[in-house]
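Here is what each chain is made of, one letter per residue.
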Amino acid sequence: EVVCEFHLGEFVNRFRRGSLTMQMREAGAEPLPTMLYGSVNGVVGVVASLPQELYVRLAKVQTALSRVVKGVGGLSHASWRSFVNDRKTADAHGFIDGDLIEAFLDLPPRKKEEVVAGLDMTAEQLSRVIEQLARLH
C-alpha cells in the first residue's frame, strides 16, 4: 500500500532513524519521530512524523502558500512535487513540503496576511509553529 508520494529532486539511497538536532520536550509535548535521508548527491534531509491535527493544519497552509509563492521558472509547486516514474505520474500526497512552509517566514507582512486569511490562526501564530518545526533540522 502506497502511503505517500513526493518528488525530492534527488535520488535517495539511505534512510536512518535519527535527528540532526537534540530534540527537547517543550511544554510537555513529545519530540517528533524523525528519519534522516541521504542522497547520491550528498543531500541530507529530514522526514518527520507529524500529529494528524498539525498535518491537516499545515496542509491548508501549504495550499494557501502555493497560491502566493511562485515557483522557480514559473513551475507550479504541484508540478514540481508530483511523483513521476516509468509507470505512473501522481500528485504529491502524504507529505508537507517543509521548504514551501518555511518560505512563509520570508514573505512580506502583506503576503503573510494573504496566506493566513482563510486559516484559523494569525501570521504570528503560524510563524511560531514554523519556527518550532524548523528546529528539526
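Not measured: the values here are computed from a predicted model.

Reading the values: rules and limits
- Each chain has its residues counted from 1, following the order in which its sequence is written.
- Only residues with pLDDT of at least 70 get local features here, since the model is predicted, and only at 80 or more are side-chain atom pairs given and counted; chain-wide, interface and lining totals rely on the full set of residues.
- Processing note: side-chain calculations cover all non-hydrogen atoms of the structure and skip hydrogens and water entirely.
- Under the scheme used here, helices are H or I runs from DSSP no shorter than 4 residues and strands are E runs no shorter than 2 residues, and both carry numbers assigned from the N terminus.
- Helices are assigned an expected span. That span is 1.5 Å times one less than the residue count.
- Burial classes: relative accessible area under 20% of the type maximum marks a residue as buried, over 50% as exposed, and values in between as partly exposed (1.4 Å probe, protein chains only).
- In this context, the arc is that of the directions from the helix axis out to the C-beta atoms.
- We call two residues in contact when some of their heavy atoms are within 4.5 Å.
- Axis geometry follows a simple rule: fit a line to the C-alpha atoms, using only the stretch in contact for helices, then measure angles between N-to-C directions, giving values from 0 to 180 degrees.
- Orientation is classified from the angle alone, with under 35 degrees giving roughly parallel, over 145 giving roughly antiparallel, 65 to 115 giving roughly perpendicular, and any other angle giving oblique.
- For any pair of crossing helices, the crossing counts as left-handed if the nearer helix is rotated counterclockwise from the farther one by less than a right angle, and right-handed if it is rotated clockwise.
- Think of it as three bins: nonpolar holds Ala, Val, Leu, Ile, Met, Phe, Trp, Tyr, Cys and Pro, charged holds Asp, Glu, Lys and Arg, and polar takes everything else, Gly as well.

Undergrad: Talk me through helix α5 (residues 123-134); I want residue IDs and the actual numbers.
TA: The end-to-end C-alpha separation of α5 is 16 Å, in line with the 16 Å expected for 12 residues at 1.5 Å each. Among the residues making up α5, those that are buried are A123, L126, S127, V129, I130 and L133. Projected onto a plane normal to the axis of α5, the buried residues spread over an arc of 165 degrees and lie on a single side.

Undergrad: Break down helix α1 (residues 52-68) for me, with residues and values.
TA: Its 17 residues give α1 an end-to-end C-alpha distance of 25 Å, which sits within 8% of 24 Å, the value for a rise of 1.5 Å per residue. Among all positions of α1, only L54, L58, V61, Q62, A64, L65 and V68 are buried. In this fold, the buried residues of α1 make contact with α2 (77-81), α3 (98-103), α4 (109-116) and α5.

Undergrad: Any details on the environment of G42? Residues and values, ideally.
TA: Secondary-structure assignment places G42 in the loop between β2 (34-39) and β3 (44-48). Accessibility expressed as a relative area gives 57% for G42, which makes it exposed. Sequence spacing of G42 and V12 is 30 residues, and the spatial spacing of their C-alpha atoms is 9.4 Å.

Undergrad: Hey, could you go over the packing of α1 against α4 for me, with residue numbers and the actual values?
TA: Packing of α1 against α4 brings their axes to within 8 Å, and their N-to-C directions diverge by 135 degrees. It follows that α1 is oblique to α4 by the angle criterion. Of the two possible hands of crossing, α1 and α4 adopt the one that is right-handed. Each of A64, L65 and V68 in α1 lies in contact with α4, whose residues at this interface are K111, E114 and V115. Of the residues assigned to the contact of α1 with α4, the class counts are four nonpolar, no polar and two charged.

Undergrad: How would you sum up the environment of N13? Please name residues and give values.
TA: Inspection of the secondary structure assignment puts N13 in strand β1 (residues 12-17). Judged by its relative accessible area of 48%, N13 is partly exposed. Separated by 28 residues in the primary sequence, N13 and N41 place their C-alpha atoms 9.7 Å from one another. Excluding residues that lie within four positions of it along the chain, N13 makes contacts with G38, S39 and V40.

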